[in-house]
Amino acid sequence: GYPGTDMQAIADAAGVAKGTLYLYFAGKEELFLAAADHGFTRMREGVAAEADLEPDPLRRIRVAVRAYLRHFRDHPEQVELMLQERAEFRSCKTTYFLRREAGRDKWQAVSRDLIA
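Parameters and conventions
- Residues numbered from 1 in each chain as written.
- Predicted model: local features only at pLDDT ≥ 70, side-chain atom pairs only at ≥ 80, totals over all residues.
- Heavy atoms only, no water.
- Helix = DSSP H or I, 4+ residues; strand = E, 2+ residues; numbered from the N terminus.
- Rg over C-alpha atoms; globule rule 2.2 N^0.38 Å.
- Contact = heavy atoms within 4.5 Å.
- Areas by Shrake-Rupley, 256 points an atom, 1.4 Å probe, with all protein chains shown as cover.
- Lys, Arg positive; Asp, Glu negative; His and termini not counted.
- Charge placed at Lys NZ, Arg CZ, Asp CG, Glu CD.
- Buried < 20%, exposed > 50% of the residue type's maximum accessible area, 1.4 Å probe, protein only.
- Salt bridge = Lys/Arg side-chain N within 4 Å of Asp/Glu carboxyl O.
- Polar contact = N/O pair within 3.5 Å; in protein donor to acceptor, adjacent residues only side chain to side chain.
- Expected span 1.5 Å × (residues − 1).
- Core = buried A, V, L, I, M, F, W, Y, C linked by side-chain atoms within 4.5 Å.
- Axes fitted to C-alpha atoms, helices over the stretch in contact; angles between N-to-C directions.
- Left-handed = near helix turned anticlockwise from the far one by under 90°.
- Nonpolar A, V, L, I, M, F, W, Y, C, P; charged D, E, K, R; others polar.

Asks: Would you mind going over the overall build of the chain with me for this structure?
Replies: In terms of regular secondary structure, the chain is built from six helices and zero strands. Taken from the N to the C terminus, the helices and strands of the chain come in the order α-α-α-α-α-α. In summary, the chain has a C-alpha radius of gyration of 17 Å against a globular reference of 13 Å for 116 residues, an excess of more than 25%. Projecting the C-alpha coordinates of the chain onto the three principal axes gives extents of approximately 55 × 30 × 20 Å. The contacts of the chain with a sequence gap of at least 6 include a subset with a gap of at least 24, amounting to 59%. Taken as a whole, the chain presents about 7,700 Å² of accessible surface, with 56% of it coming from carbon and sulfur. Here the chain contributes 18 positive and 18 negative side-chain charges, whose respective centroids are spaced 6 Å apart.

Asks: Please explain the side chain of R60 as it appears in this structure.
Replies: One can find R60 in helix α4 (residues 57-74). For the buried R60, no salt bridge exists, and the shortest N-O distance to an oppositely charged side chain is 5.1 Å, to D52. Here the side chain of R60 touches E54 through a polar contact of 2.9 Å, landing on its backbone oxygen. Non-local contacts of R60, meaning those with residues more than four positions away in its chain, are made with A51, D52, E54, P55, W107 and V110.

Asks: Can you walk me through the pattern of salt bridges in this structure?
Replies: Pairing is possible between side chains that carry opposite charge, provided their charged atoms lie close to one another. Counted according to the given criterion, the structure contains four salt bridges. Of the charged contacts, one joins K106 and D52 as a salt bridge, the two residues approaching to 2.8 Å between their closest N and O atoms. With K106 in helix α6 (residues 95-115) and D52 in the loop between α3 (28-51) and α4, this pair connects stretches of sequence that are 54 residues apart. Accessibility expressed as a relative area gives 43% for D52, which makes it partly exposed. Notably, a salt bridge pairs R59 with E54, separated by 3.2 Å at the nearest N-O pair.

Asks: Explanation requested: α3 in the structure shown.
Replies: For an α-helix, the turn length of 3.6 residues means that residues three or four places apart are oriented alike. An ideal rise of 1.5 Å per residue puts 34 Å on 24 residues; α3 measures up with 34 Å between its terminal C-alpha atoms. Among all positions in α3, only L31, F32, A36, G39, F40, M43, V47, A48 and A51 are buried.

Asks: Help me understand the nonpolar core in this model?
Replies: Here is a general trend for soluble globular proteins: nonpolar side chains tend to be buried in one another's company. Core analysis: the biggest nonpolar cluster contains eight residues, these being F40, M43, V47, A51, A64, A67, F72 and M82. If one sorts the elements of this core by residue count, α3 sits on top with four residues.

Asks: Would you mind going over the side chain of Q78 with me for this structure?
Replies: One can find Q78 in helix α5 (residues 76-88). By relative accessible area, which is 7% here, Q78 ends up buried.

Asks: Which parts of the structure should I look at to understand the packing of α3 against α4?
Replies: Between two packed helices, the angle of one axis relative to the other and the distance separating the axes together describe the packing. Relative to each other, α3 and α4 sit at 145°, their axes nearing to 8 Å. The handedness of the crossing between α3 and α4 is right-handed. Contacts from G39, R42, M43, G46, V47, E50 and A51 in α3 reach R60, V63, A64, A67, Y68, R70, H71 and F72 in α4. When the residues that make up the contact of α3 with α4 are grouped by side-chain class, the tally is eight nonpolar, three polar and four charged.

This is the structure:
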């Protein structure tokens, strides 16, 4: 888990020197948040790649939900990252909430199309 992990353990697992990690990340918090952000970005890109091909709003929502669930089935570590991120960083907006807000307009437009 996040609290019990240090940069040396991460470097050892990655097979790199600890200093190499510090070339890219200021510390384990920045590294953790980058990993969570990367996973969330991959999920959103995968959902969009499938959903954006569907012109019908109801089918677009169905395709998006299935792609979303499939992503987490295929990448359960991303669920773990999101849960840990929310638990560890309660005082700030997490990647999940920031990314969700960034995509809100797109899905509100789909909802408006569905209503129309």
